[in-house]
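Summary of structural features
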Amino acid sequence: QLSRRLGQKKQRLLEAARQQSTTDGAQTPSAVEPCLGPPATRGPQCSIYFSSPKSHSAQLGSEFFDQPAVPLARAFLGQVLVRRLDDGTELRGRIVETEAYLGPEDEAAHSRGGRQTPRNRGMFMKPGTLYVYIIYGMYFCMNVSSRGDGACVLLRALEPLGGLETMRRLRSTVRKGAAGRPLKDRELCSGPSKLCQALAIDKSFDQRDLAMDEAVWLERSPPESKEPAVVAAARVGIGHAGEWAQKPLRFYIRGSPWVSVVDRAAEQNAQA
């Protein structure tokens, strides 16, 4: 009889244990239940709300252009101009030569006397605005407005860095003479009109904001780049401007083979 009671008690304990196990199991997440904890991988996350079609950490903003024409013309040297074509191809060139135009007082400037026209309106817009004009009825020159009404900087020459074959093709479609002869690298962007041809810059770029545009922008030179030796010389092709034709308002990187015109006398004076 004692043995029977012990057996019944043991059976009741086993039954209670099975019921407790069943109850506990209902609270245990299954293998297919979604996990609310942190993801197993911790790779970089990207949100569509903070991404942009164009993200350039080295891109120079509006504050870079907000300085007078002469210091801006010098500051341009060594920076990288980038042009993105419609097919996504990016053309790159390091700026090696510029000219400063000081505004109404400058007899060589299109804004001399303070006159504003539909053609030169970009010169009077906020710093960083492009002023693109046509010469000889078919060539373009690209300027960037600086601080001061009517003041700007002409981009004269680039050292090609990327997209050279595309630059060569763009240049060959409009160049005169030497038909069939492939252009040398130093001929691609060694002048203001050549630069515009090589980067497919035309009048449609006039009055665009170089700090915000999706097709053309300026990037800071690599951090490891050393400060270039700068030559200050007379501007080119403005003999009609009297004394202003001789003012040292053209700036280029000494020793650069991509400069359009080298002024040996100015270089010797700088060394003296």
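Owing to the predicted nature of the structure, the values given are computational and were not obtained by experimental measurement. (Residues numbered from 1 in each chain as written. Predicted model: local features only at pLDDT ≥ 70, side-chain atom pairs only at ≥ 80, totals over all residues. Heavy atoms only, no water.)

This part takes up helix α4 (residues 164-172). Of the residues making up α4, those classed as buried are Thr166, Met167, Arg168, Leu170 and Arg171. Buried positions along α4 lie against β2 (90-101), β5 (152-162) and α5 (192-198). (Buried < 20%, exposed > 50% of the residue type's maximum accessible area, 1.4 Å probe, protein only. Helix = DSSP H or I, 4+ residues; strand = E, 2+ residues; numbered from the N terminus. Contact = heavy atoms within 4.5 Å.)

This next bit is on the pairing of β2. Across the twelve residues of β2, ten count as buried, placing the element largely inside the fold. Bridge analysis of strand β1 (residues 80-84) against β2 gives five bridges, and the strand direction is antiparallel. In the sheet register, Arg84 faces β2, and the bridge partner there is Glu90. The turn linking β1 back onto β2 is made up of five residues, and Gly88 within it adopts a positive phi angle of 95°. By the bridge criterion, nine bridges tie β2 to β5 in an arrangement that is antiparallel. Residue pairing across strands places Thr98 opposite Leu155, the latter belonging to β5. Two elements, β2 and strand β8 (residues 250-253), share three bridges in a ladder whose sense is antiparallel. Within β8, the position partnered with Thr98 by the bridge is Phe251. (Pairing = 2+ DSSP bridges.)

The topology assignment puts Ser62 in helix α2 (residues 62-65). By relative accessible area, Ser62 is classed as partly exposed at 32%. Sequence spacing of Ser62 and Gly128 is 66 residues, and the spatial spacing of their C-alpha atoms is 6.3 Å.

By secondary structure assignment, the location of Arg171 is in helix α4. Within the buried core, Arg171 has no salt-bridge partner, and the shortest N-O distance to an opposite charge, that of Glu187, equals 6.5 Å. A polar contact is formed between the side chain of Arg171 and the backbone oxygen of Glu187, at a distance of 3.2 Å. Discounting chain neighbours no more than four positions away, the residues touching Arg171 are Leu183, Glu187, Leu188, Lys194, Gln197 and Ala198. (Lys, Arg positive; Asp, Glu negative; His and termini not counted. Salt bridge = Lys/Arg side-chain N within 4 Å of Asp/Glu carboxyl O. Polar contact = N/O pair within 3.5 Å; in protein donor to acceptor, adjacent residues only side chain to side chain.)

The next thing to look at is the confidence of the model for the protein chain. Of the residues in the protein chain, 76% have a pLDDT of 70 or more, and the chain-wide mean is 84. This stretch, residues 21-55, has a pLDDT under 50; its non-local contacts, to residues over four places away or in other chains, come to eight contacts. (pLDDT = per-residue confidence, 0-100.)

Backbone geometry places Tyr136, a non-glycine residue, at a positive phi of 55°. Mapped onto the elements of the fold, Tyr136 is located in the loop between β3 (130-135) and β4 (139-145). On the basis of relative accessible area, Tyr136 is assigned to the exposed category, the value being 75%. One non-glycine residue, Gln207, adopts positive backbone phi at about 75°. Summarising the element assignment, Gln207 is placed in the loop between α5 and β6 (216-219). Classification of Gln207 as partly exposed rests on a relative accessible area of 29%.

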